[in-house]
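Each chain, written out:
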Amino acid sequence: MLKAKVYVTIKKSVLDPQGVAVQGALHSVGFQEVESLRIGKYMELTLDTNDREEAAKRLKDMCEKLLANTVIEDYRYELEG
Amino acid sequence: MKFAVLVFPGSNCDIDCYKAVEDTLGEPVDFVWHTATDLSAYDCILVPGGFSYGDYLRCGAISRFAPVMNEVAKAAEQGKFVLGICNGFQILTEAGLLPGALRRNESMKFRCHDTTLKVVNNTTPFTTDYAEGEEIVIPIAHGEGNYYCDEETLASLKANNQIVFTYTNNPNGSVADIAGICNERGNVVGMMPHPERAVNSLLGSEDGKRMFSSILKTWRDTHGTASVR
């Protein structure tokens, strides 16, 4: 079994209205040092395989096909175990 | 001419679309469940608004893998008319049938009110009954209608005359005030505003009616007028 963590974030070049709103909220409660904030998604997957190379390949496929919309989002993943 | 209104778990404008076809055109129309694997009987496919699959992951991200979407791609390839409204537009972009993506509204608010649209392209099968540059009133109801595409895509949308409608007063932050676009061929249109909710003056506007009459007229032009209802 392998564990995978997938992170999906809005591309740097694309406005993230949620991030901007949360940054504003942090400023208004006194956290002025917050220079930027991006909101993303975090997913945990358990994969029924021990082949890391194959798992990485298929994870990339999953991200490209469904987990991220590459028009507006970036993704990265980590494999554990 | 036969219309299909697709229904996904969570669609909620399907009945409005059905009624709009029934009331404005009187042409045959069927609800088609998302598991259907044959759309060959239909000339026009309406992908309605709503919150298919609860908008889980991203709006339209899961619906695009519904069995019926393969058939929608085939129909589009065959040159049949496909109209995605609101969530339907999001599904068509996720499916890659239209370029770009829909982001969260810039205001972070769900916007639900009338908007004034400018008809930029009146040569699509969906807009021939409008005048070029005409302003029409059609309501919006969305939280994620902020259209995005990169500079290169925007340039090609402009060059190919693929921008169909723009907002006169941008309600959501969309790139270039875009409210609706079509594919290069013009037979697939996606838009955030709801023409099916603007088909009777009792509803506040009947400007959406002409989208439906345009489709029928274009279809009759290519199929002859002797079709049997």
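Each value, and the rule that gives it
- Residues numbered from 1 in each chain as written.
- Chains lettered and ligands numbered in written order.
- Predicted model: local features only at pLDDT ≥ 70, side-chain atom pairs only at ≥ 80, totals over all residues.
- Heavy atoms only, no water.
- UniProt positions renumbered as here; feature names shortened; annotations may be inferred.
- Helix = DSSP H or I, 4+ residues; strand = E, 2+ residues; numbered from the N terminus.
- Contact = heavy atoms within 4.5 Å.
- Buried area = accessible area lost by both parts, 1.4 Å probe.
- Salt bridge = Lys/Arg side-chain N within 4 Å of Asp/Glu carboxyl O.
- Buried < 20%, exposed > 50% of the residue type's maximum accessible area, 1.4 Å probe, protein only.
- Lys, Arg positive; Asp, Glu negative; His and termini not counted.
- Polar contact = N/O pair within 3.5 Å; in protein donor to acceptor, adjacent residues only side chain to side chain.
- pLDDT = per-residue confidence, 0-100.
- Pairing = 2+ DSSP bridges.
- Axes fitted to C-alpha atoms, helices over the stretch in contact; angles between N-to-C directions.
- Core = buried A, V, L, I, M, F, W, Y, C linked by side-chain atoms within 4.5 Å.
- Disulfide = S-S within 2.5 Å.
- Arc of directions from axis to C-beta.

Naming follows an unreviewed UniProt entry, where chain B appears as Phosphoribosylformylglycinamidine synthase subunit PurQ of Paenibacillus forsythiae. As its UniProt record puts it under Pathway (unreviewed entry), chain B is described as follows: "Purine metabolism; IMP biosynthesis via de novo pathway; 5-amino-1-(5-phospho-D-ribosyl)imidazole from N(2)-formyl-N(1)-(5-phospho-D-ribosyl)glycinamide: step 1/2." Database annotation for chain B, UniProt heading Subunit (unreviewed entry): "Part of the FGAM synthase complex composed of 1 PurL, 1 PurQ and 2 PurS subunits."

In the annotation of an unreviewed UniProt entry, chain A is listed under the name Phosphoribosylformylglycinamidine synthase subunit PurS and assigned to Paenibacillus forsythiae. Here is the UniProt Pathway (unreviewed entry) comment for chain A, exactly as written: "Purine metabolism; IMP biosynthesis via de novo pathway; 5-amino-1-(5-phospho-D-ribosyl)imidazole from N(2)-formyl-N(1)-(5-phospho-D-ribosyl)glycinamide: step 1/2." Per UniProt, chain A has the following entry under Subcellular location (unreviewed entry): "Cytoplasm".

### Some words on the environment of alanine 41 of chain B
With respect to the element layout, alanine 41 of chain B can be found in the loop between β2 (29–33) and β3 (44–47). Residues alanine 41 of chain B and lysine 2 of chain B, spaced 39 residues apart in sequence, show a C-alpha to C-alpha distance of 7.2 Å.

### Quick notes on the interface of chain B and chain A
With 14 residues of chain B at the contact, the number on the chain A side is 16 residues. Summing the contributions of chain B and of chain A, the shared interface buries around 1300 Å²; its carbon and sulfur component is 67%. Put simply, chain B and chain A have one salt bridge between them. The salt bridge involving arginine 58 of chain B is made with glutamate 73 of chain A; its shortest N-O contact spans 3.6 Å.

### Section: the side chain of arginine 103 of chain B
Topologically, arginine 103 of chain B is positioned in strand β5 (residues 101–103). In this structure, arginine 103 of chain B is buried with no salt-bridge partner, the nearest side chain bearing the opposite charge being glutamate 106 of chain B at 6.1 Å. Of note is the side chain of arginine 103 of chain B, whose polar atom sits 2.7 Å from the side chain of asparagine 146 of chain B. The contacts of arginine 103 of chain B, once residues within four sequence positions are left out, are Val14, Leu15 and Ile72 of chain A together with Gly143, Glu144, Gly145, Asn146, Tyr147, Tyr148, Gly173 and Val175 of chain B.

### Points about the confidence of the model for chain B
Looking at chain B as a whole, its pLDDT mean stands at 96, while 98% of the residues score no less than 70. Across the predicted assembly, pTM comes out at 0.93 and ipTM at 0.84.

### A word on the sheet that holds strand β9 (residues 163–167) of chain B
All names here are of chain B. The mixed open sheet is built from nine strands, whose spatial order is β2-β1-β3-β4-β11-β10-β9-β6-β7. Because the sheet does not close on itself, it has two edges, and the strands there are β2 and β7 (135–142). Each strand of the sheet is rotated relative to its neighbour by a mean of 25°, with strand direction disregarded. Examined bridge by bridge, β9 and strand β10 (residues 178–182) share three bridges and lie antiparallel to one another.

### Some thoughts on the nonpolar core
Counting residues in each nonpolar core, the largest one holds 72 residues, and the members touching the most others are Phe3, Leu6, Leu46, Val72, Leu92 and Phe165 of chain B. Sequence-distant contacts of phenylalanine 165 of chain B, that is, excluding residues within four places in its chain, are made with Leu117, Lys118, Val119, Val120, Thr127, Ile136, Asp177, Ile178, Ala179, Gly180, Met191 and Met211 of chain B. Grouped together as the second largest cluster of nonpolar side chains are 13 residues, Val8, Leu47, Ala55 and Leu59 of chain A included.

### Some thoughts on the pattern of salt bridges
Scanning the model with the defined rule gives 15 salt bridges over all chains in all. Taking the shortest distance from any N to any O, the salt bridge between lysine 209 of chain B and glutamate 206 of chain B comes out at 3.8 Å. Connected through salt bridges with shared partners, the residues Lys41 and Glu73 of chain A together with Arg58 and Glu94 of chain B form a single ionic network.

### Examining the pairing of β2 of chain B
Moving residue by residue along a regular strand, the side chains alternate between the two faces of the sheet. Judged from the five bridges that link them, strand β1 (residues 3–7) of chain B and β2 of chain B form a sheet pairing that is parallel. What sits directly across from valine 5 of chain B, in β2 of chain B, is phenylalanine 31 of chain B.

### Looking at the state of the cysteines
Residues and elements named next belong to chain B. Evaluation of the coordinates by the stated rule reveals zero disulfides over all chains. Distance from the sulfur of cysteine 17, which forms no disulfide, to the nearest cysteine sulfur (cysteine 13) is 6.7 Å. Summary of cysteine pairing: cysteine 112 is not part of a disulfide, and the nearest cysteine sulfur, belonging to cysteine 86, is at 9.8 Å. With a relative accessible area of 53%, cysteine 112 lands in the exposed category.

### Focus: helix α2 (residues 67–77) of chain B
Residues and elements named next belong to chain B. Listing the buried residues of α2 in full gives Val68, Met69, Glu71, Val72, Ala75 and Ala76. In an axial view of α2, the angular spread of the buried residues amounts to 155°, which keeps them on one side of the axis. Opposite the buried face of α2, by more than 90 degrees, sit the exposed residues Asn70 and Glu77. Where α2 is buried, its residues contact β1, β2, β3, β4 (81–85), α3 (87–94) and β11 (188–191). Directly after α2, the chain includes glycine 79, whose backbone phi takes a positive value near 90°.

### A short note on the UniProt feature "active site" (unreviewed entry) in chain B
All names here are of chain B. Per the UniProt entry, the sites bearing "active site" (unreviewed entry) are Cys86, His194 and Glu196 in this numbering. Considering the C-alpha atoms alone, the annotated residues occupy 111 residues of sequence yet fold into one spot, their largest mutual distance being 10.9 Å. Turning to its location among the elements, cysteine 86 is positioned in the loop between β4 and α3. You can call glutamate 196 buried: its relative accessible area is 2%. Leaving out residues up to four positions away in the same chain, glutamate 196 has contacts with Cys13, Asp16, Cys17, Ala20, Ile85 and Phe212. Separated by 2.8 Å, the side chains of glutamate 196 and histidine 194 make a polar contact.

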